[in-house]
Amino acid sequence: GENVEQHPSTLSVQEGDSAVIKCTYSDSASNYFPWYKQELGKRPQLIIDIRSNVGEKKDQRIAVTLNKTAKHFSLHITETQPEDSAVYFCAAWDDYKLSFGAGTTVTVRA
Amino acid sequence: NAGVMQNPRHLVRRRGQEARLRCSPMKGHSHVYWYRQLPEEGLKFMVYLQKENIIDESGMPKERFSAEFPKEGPSILRIQQVVRGDSAAYFCASSPGDDQPQHFGDGTRLSIL
């Protein structure tokens, strides 16, 4: 099955700076990679996703890059704001289901 | 368009009792997934269902846990003879098809006394 590793586990950034979270996956057949944001006590919310036929996708302050050869993908948040503080999960589609990374707790310091 | 609806939001059970968690997918979504999340941990896949069929239950414990998605009504995750280790948040997600965006419900927080 798919194994998704996510780094770092915690990330503290100054407001206005950028945040980068990296994930690697093991199954070269995986073709769909979503990112979720989860605030404390809330549901995971899909914030961006990318498919294997695309190398990069951007939506306002967030972007995701995918390197299929190296089997890793990254989330980039620019101009971070306090409301970006949350836990972020990467995931890879694996044979009928999503396999999730362990999560990154992002704290944006005012 | 209502999102994924889960109930109850909170459920308290004593050891040995049964817990029933319900999930209604988004309109137009035929795929339902159940995940478990322990405190400060990630989401672990449990089971994937379509109407009247279990497609993949590889993440669900063999004993005490069962899931269904009947022709009519919500998907049900049932945990029999609950133990303290079953305490967790259980999330349901739905999608319109394979490798399509999954949208999550608010979850059921299960506490075992």
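Heads up: the structure comes first, above all this text.
The numbers attached to residues start from 1 for each chain and follow its sequence in the written order. By the order in which they are written, chains take letters starting at A while ligands take numbers starting at 1. At least 70 in pLDDT is required for a residue's local features to be given in this predicted model, at least 80 for side-chain atom pairs to be given and counted, and no such filter applies to totals for whole chains, interfaces and linings, which use all residues. Note that water and hydrogens are dropped before the side-chain values are worked out from all heavy atoms of the structure.

Draft legend 1. Representation of the sheet that holds strand 8 (residues 72-77) of chain A. Residues and elements named next belong to chain A. Strand pairing is assigned whenever DSSP detects at least two bridges linking the two strands. In this text, helices come from DSSP runs of H or I with a minimum length of four residues, and strands from runs of E with a minimum of two, each type numbered from the N-terminal end. The antiparallel open sheet is built from 5 strands, whose spatial order is 1-3-8-7-6. The sheet is open, and its two edges are formed by strand 1 (4-7) and strand 6 (56-59), each paired on a single side. In this sheet, neighbouring strand axes are inclined to one another by 15 degrees on average, regardless of whether the strands run parallel or antiparallel. As paired elements, strand 6 and strand 7 (residues 62-67) share 4 bridges and run antiparallel to each other. Bridging across to strand 7, lysine 58 finds its partner in alanine 63. Lines fitted to C-alpha atoms define the axes, with helix axes restricted to the stretch in contact, and inter-axis angles between N-to-C directions lie between 0 and 180 degrees.

Draft legend 2. View of the interface of chain A and chain B. Contact residues are listed per partner, giving 20 residues for chain A and 24 residues for chain B. Each reported salt bridge corresponds to a side-chain nitrogen of Lys or Arg within 4 Å of a carboxyl oxygen of Asp or Glu. Note that aspartate 106 of chain B is salt-bridged to arginine 43 of chain A, the shortest N-O span being 2.8 Å. Within 3.5 Å is the distance limit for a polar contact, defined as a pair of N or O atoms, with the added protein rule that one can donate a hydrogen and the other accept it, and that residues adjacent in sequence qualify only through two side-chain atoms. The interface formed by chain A and chain B holds 7 residue pairs in polar contact (both at pLDDT 80 or more) in total. Mapped onto the side of chain A that touches chain B, the elements with two or more residues apiece are strand 4 (32-38), strand 5 (45-51), strand 9 (86-94) and strand 10 (97-100) of chain A. Gly is placed with the polar residues, together with every amino acid not listed as nonpolar (Ala, Val, Leu, Ile, Met, Phe, Trp, Tyr, Cys and Pro) or charged (Asp, Glu, Lys and Arg). Residues that form the side of chain A that touches chain B fall into these classes: 10 nonpolar, 4 polar and 6 charged. The contact criterion used throughout is that any non-hydrogen atoms of two residues lie within 4.5 Å.

Draft legend 3. Seen up close, the state of the cysteines. In what follows, a disulfide is any cysteine sulfur pair within 2.5 Å. Under the defined criterion, the tally for this structure stands at 2 disulfides over all chains. Put simply, cysteine 23 of chain A and cysteine 90 of chain A are joined by a disulfide, and their sulfur atoms are 2.0 Å apart. Because the sign of the S-S torsion sets the handedness, a value of about -100 degrees for the bond joining cysteine 23 of chain A and cysteine 90 of chain A places this disulfide among the left-handed ones. Placement of cysteine 23 of chain A in strand 3 (residues 19-25) and of cysteine 90 of chain A in strand 9 is noted, with a sequence separation of 67 residues between them. Each residue is placed in one exposure class: buried if its accessible area under a 1.4 Å probe, protein chains only, is under 20% of its type's maximum, exposed if it is over 50%, and partly exposed if it falls in between. A residue is classified by how much of its surface remains accessible, and cysteine 90 of chain A, at 0% relative accessible area, is buried. Here cysteine 23 of chain B engages in a disulfide with cysteine 92 of chain B; their sulfurs sit 1.8 Å apart. Judged by the sign of its S-S torsion, about -55 degrees, the bond between cysteine 23 of chain B and cysteine 92 of chain B is left-handed. Taken as a pair, cysteine 23 of chain B in strand 3 (residues 19-24) and cysteine 92 of chain B in strand 9 (residues 88-95) lie far apart in primary sequence, 69 residues in all. Note on accessibility: cysteine 23 of chain B and cysteine 92 of chain B belong to one class, buried.

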